[in-house]
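Chain residues, written in single-letter form:
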Amino acid sequence: MQKDDFCRIVNWYPVLGEHSMPTVFLKLTGDDVKLLTDGIGNGEATQSVIARLKNVMRGGALDNYFISSDLCSPTDTERFEAKRGAVHSAESAWYFLANSAKVRQAATDGKVEYLAIKPFVRIDRTREFRLFVQDGELRAMSQYNLVRHFRRLEGIKENLYAAVCKWFEQIKNNLPVKDVVIDIFLESDDQTVKIIDLNCWGEPTDPLLLRTFDQDWSAVNGIKLMLPPTKISGDVAVSF
């Protein structure tokens, strides 16, 4: 198994789907993949795949969906920036997939075969984390959204880490790879863990607060959070 094969949701979902959001898959044709490779997001050439996607979405039966390729999500698009990737229509979903440089590159590299369709869940940013699994063991857990220090996490961080460690012990034997990075969120009880995505170990995956993959992982453990802002007191001399 190549290092990123298990990170394709179509491969990990049958093993770990009970710990994720309900997901259905649309098999793409070679022509569909070519549309993604070429960045064609609308027009007559897209009518067939959009019709099939609309059927899988049951005509937009849910308020919003999150749709990705089997290897990566269109997190580099304006839709993700503005609405965290939520889409309502098949037309909109395909347009943003085709306009994602990440998805286009994955398609060009022959790593896109399916679309994954799931209900959109608005996740509390303070409950998103990235887990670092090295040599089959959970080595570290990083705050995912590095926009600022989240004060609510300070008093409960060890409890959160303990809950995630307990969960990981239940699922680790289902991981056929020893080194992997897992994105998760905790539900409102701060105990129930849901998988968002799996990422390959090392670049281009962002190590976030772990800074680098080039380190002694046997010595790294625990939960890493953004530090609170530094307060300066006393006399401060400023010169220009």
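Peer 1: Would you take a moment to explain the nonpolar core for this structure?
Peer 2: Generally speaking, nonpolar side chains in soluble globular proteins are found buried as a group. Counting residues in hydrophobic clusters, the biggest one holds 32 residues, and the most contacted among them are Phe129, Leu175, Ile182 and Leu198. When contributions to this core are tallied by element, the ones reaching two or more residues are helix H1 (9-16), strand E4 (128-134), strand E5 (137-143), helix H8 (157-171), strand E6 (180-186) and strand E7 (193-199). Top element by residues in this core is H8. It accounts for 6 residues. If we skip the residues at most four places from it in the chain, Leu198 touches Phe6, Cys7, Trp12, Leu16, Val180, Val181 and Ile182. In this structure, Leu53, Ile67, Ala90 and Leu97 belong to the second largest nonpolar core, which totals 25 residues.

Peer 1: Help me understand the sheet that holds E7 in this model?
Peer 2: By way of backbone hydrogen bonds, the strands of a sheet pair with one another, either parallel or antiparallel. What the 5 strands build is an open sheet, ordered E7-E6-E4-E5-E8; its pairing is mixed. Looking at the sheet topology across the chains shown, the edges are occupied by E7 and strand E8 (223-224). Relative to E7, E6 runs antiparallel, the two sharing 6 bridges. Among the inter-strand pairings, Asp183 is bridged to a residue of E7, identified as Asp197.

Peer 1: Sorry if this is basic, but what is going on with the sheet that holds strand E2 (residues 65-69) here?
Peer 2: Pairing within the open sheet is antiparallel, and its 3 strands lie in the order E1-E3-E2. Every other strand in the sheet has two partners, leaving strand E1 (24-27) and E2 as the edge strands with one partner each. Strand after strand, the sheet turns through a mean of 25° between neighbouring axes, direction not considered. Bridge count for E2 against strand E3 (residues 114-119) is 5 bridges, and the pairing is antiparallel. Along E3, the bridge assignment pairs Ile67 with Ile117. Where helix H3 (residues 47-56) meets the sheet, its contacts fall on E1, E2 and E3, and the angle it forms with E1 comes to roughly 160°.

Peer 1: Is there a simple way to think about the packing of helix H2 (residues 30-37) against helix H5 (residues 90-98) in this case?
Peer 2: Axes are the key here: two packed helices are described by the angle between their axes and the distance separating the axes. Following both chains from N to C, one finds H2 and H5 inclined at 60°, their axes separated by 8 Å at the closest point. Taken together, the axes of H2 and H5 lie oblique to each other. Within the contact between the two elements, H2 uses Asp32, Leu35 and Leu36 and H5 uses Trp94, Leu97 and Ala98. Grouping the constituent residues of the contact of H2 with H5 by class yields 5 nonpolar, no polar and 1 charged.

Peer 1: Mind showing me how you'd approach the packing of H2 against helix H6 (residues 101-108) here?
Peer 2: Interaxial distance between H2 and H6 falls to 8 Å at its minimum, and their mutual angle equals 135°. Relative to H6, the element H2 is oriented oblique. Crossing handedness for the pair H2 and H6: left-handed. Residue-level inspection shows Val33, Leu36 and Thr37 of H2 in contact with H6, the latter providing Val103, Arg104, Ala107 and Thr108. When its residues are assigned to classes, the contact of H2 with H6 shows 4 nonpolar, 2 polar and 1 charged.

The rules we used
- Residues numbered from 1 in each chain as written.
- Predicted model: local features only at pLDDT ≥ 70, side-chain atom pairs only at ≥ 80, totals over all residues.
- Heavy atoms only, no water.
- Core = buried A, V, L, I, M, F, W, Y, C linked by side-chain atoms within 4.5 Å.
- Buried < 20%, exposed > 50% of the residue type's maximum accessible area, 1.4 Å probe, protein only.
- Helix = DSSP H or I, 4+ residues; strand = E, 2+ residues; numbered from the N terminus.
- Contact = heavy atoms within 4.5 Å.
- Pairing = 2+ DSSP bridges.
- Axes fitted to C-alpha atoms, helices over the stretch in contact; angles between N-to-C directions.
- Parallel < 35°, antiparallel > 145°, perpendicular 65-115°, else oblique.
- Nonpolar A, V, L, I, M, F, W, Y, C, P; charged D, E, K, R; others polar.
- Left-handed = near helix turned anticlockwise from the far one by under 90°.

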